[in-house]
Amino acid sequence: MTITKDKVVELDMTITEKSGEVLDSTEGGAPLVYLHGAGNLIPALEIPLEGKNIGDSVAVEVSPESGYGERDENLVRVVERAQLGGVDNIDVGMQFQAQSPAGVAIFTVTAVDGDNITLDGNHPLAGKDLKFDLTVKSIRDATPEEIEHGHVHQAG
């Protein structure tokens, strides 16, 4: 089977920064599963996967412009703990959702200084030159419901 629109694809993936530092990997964990052609991956990854088969590997270099964008320091804010809905334990790495004019935005806690919490609305990979090493593990037809919803439905 070949990767085309409306196929569910399972990938092994390693993301490295230009320096060679590994930022994320599926090694030892669950593979990345997505619905091809539904916008679940950035185009810089989805396009080179088109037409690939089980066992094929691709290495893709992604600049900030074609990936997750440049960092925008206007998306970094310091807020008071009380503004976060009474959450008692706030740690670096936690994420919060907020409504914005563009829809739901995700903010990651990057610092906790007493009652001052630093939130970053940038994607964690924004501003980075990245290399994605991808290996196709499986391909299947998406169900009508997955196609309608625009994402994969997994057990559980």
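Residues numbered from 1 in each chain as written. Predicted model: local features only at pLDDT ≥ 70, side-chain atom pairs only at ≥ 80, totals over all residues. Heavy atoms only, no water.

Here we look at the overall build of the protein
This is how it is decided: The way it works is that DSSP assigns letters per residue, a run of H or I at least four long becomes a helix, a run of E at least two long becomes a strand, and they are numbered from the N terminus. For every residue, the accessible area (1.4 Å probe, protein chains only) is compared with the maximum for its type, and the residue is labelled buried under 20%, exposed over 50%, or partly exposed between those bounds. Residue contacts are counted whenever heavy atoms from the two residues lie within 4.5 Å of one another. The method behind every accessible area is Shrake-Rupley, applied with a 1.4 Å probe, and residues are considered shielded solely by the protein chains displayed.
When its secondary structure is counted, the protein shows two helices and nine strands. Beginning at the N terminus, the succession of helices and strands in the protein can be written as β-β-β-α-β-β-β-β-β-β-α. Its C-alpha atoms give the protein principal-axis dimensions of about 55 × 40 × 30 Å. Residues counted as buried form 29% of the 156 residues belonging to the protein. Sequence separation of 24 or more characterises 63% of the internal contacts of the protein that already satisfy a separation of 6 or more. Entry remark: accessible area of the protein is about 9,300 Å², with carbon and sulfur atoms responsible for 48%.

Describing the side chain of Glu46
This is how the line gets drawn: We score Asp and Glu as negative and Lys and Arg as positive, and we do not count His or the chain ends. Salt bridges are identified by distance alone: a Lys or Arg side-chain nitrogen within 4 Å of an Asp or Glu carboxyl oxygen.
For Glu46, the location among the structural elements is in helix α1 (residues 43–49). This buried residue, Glu46, is left without a salt bridge; Lys5 holds the nearest opposite charge, at 8.3 Å. Excluding residues that lie within four positions of it along the chain, Glu46 makes contacts with Tyr34, Leu35, His36, Gly37, Ala38, Gly39 and Leu41.

Some words on the nonpolar core
Threshold: The definition of a nonpolar core used throughout is a set of buried Ala, Val, Leu, Ile, Met, Phe, Trp, Tyr and Cys residues joined through side-chain atoms within 4.5 Å.
Grouped together as the largest cluster of nonpolar side chains are 19 residues, with contacts concentrated most on Leu45, Leu49, Phe132 and Leu134. Mapped onto this core, the elements with two or more residues apiece are β1 (7–17), α1, β4 (57–62) and β9 (130–141). The leading source of residues in this core is β9, at five residues. Dropping the residues within four chain positions of it, Leu49 is found in contact with Ile3, Leu11, Tyr34, His36, Leu41, Val58, Leu134 and Val136.

Observations regarding a negative patch on the surface
The condition is simple: Residues form patches when they are more than 30% accessible in relative terms and have no salt bridge. Like charges link within 9 Å. Nonpolar side chains (Val, Leu, Ile, Met, Phe, Trp, Tyr) link within 5 Å. Taken as the charge location is NZ of Lys, CZ of Arg, CG of Asp or CD of Glu.
On the surface, a cluster of negative charge is contributed by Glu61, Glu65, Glu70 and Asp129. By secondary structure assignment, the location of Glu61 is in strand β4.

As for the pattern of salt bridges
Evaluation of the coordinates by the stated rule reveals nine salt bridges. With a closest N to O distance of 2.9 Å, Arg140 and Glu146 form a salt bridge. Here the salt bridges do not stand alone but share partners, grouping Arg71, Glu73 and Asp120 into one network.

Details of the layout of surface pockets
Spelled out, the test is: Grid spacing is 1 Å over the protein atoms alone, the probe is 1.4 Å, and a cavity is where that probe fits but cannot get out, while a pocket is an open set with protein on both sides within 12 Å along at least five of seven lines and lining residues have an atom within 4 Å of a point. Grid points are joined across faces, edges and corners, and a volume is the space filled by probe spheres set on the points. Gly falls in the polar group here, along with every residue not listed as nonpolar (Ala, Val, Leu, Ile, Met, Phe, Trp, Tyr, Cys, Pro) or charged (Asp, Glu, Lys, Arg).
Considering only enclosed or pocket space, the largest pocket measures out at about 220 Å³ in volume. Contributions of two or more residues to the lining of the largest pocket are made by β5 (76–80), β6 (95–100) and β7 (103–113). The element that contributes the greatest number of residues to the lining of the largest pocket is β6, accounting for five residues. Per-class residue counts for the lining of the largest pocket are eight nonpolar, four polar and one charged.

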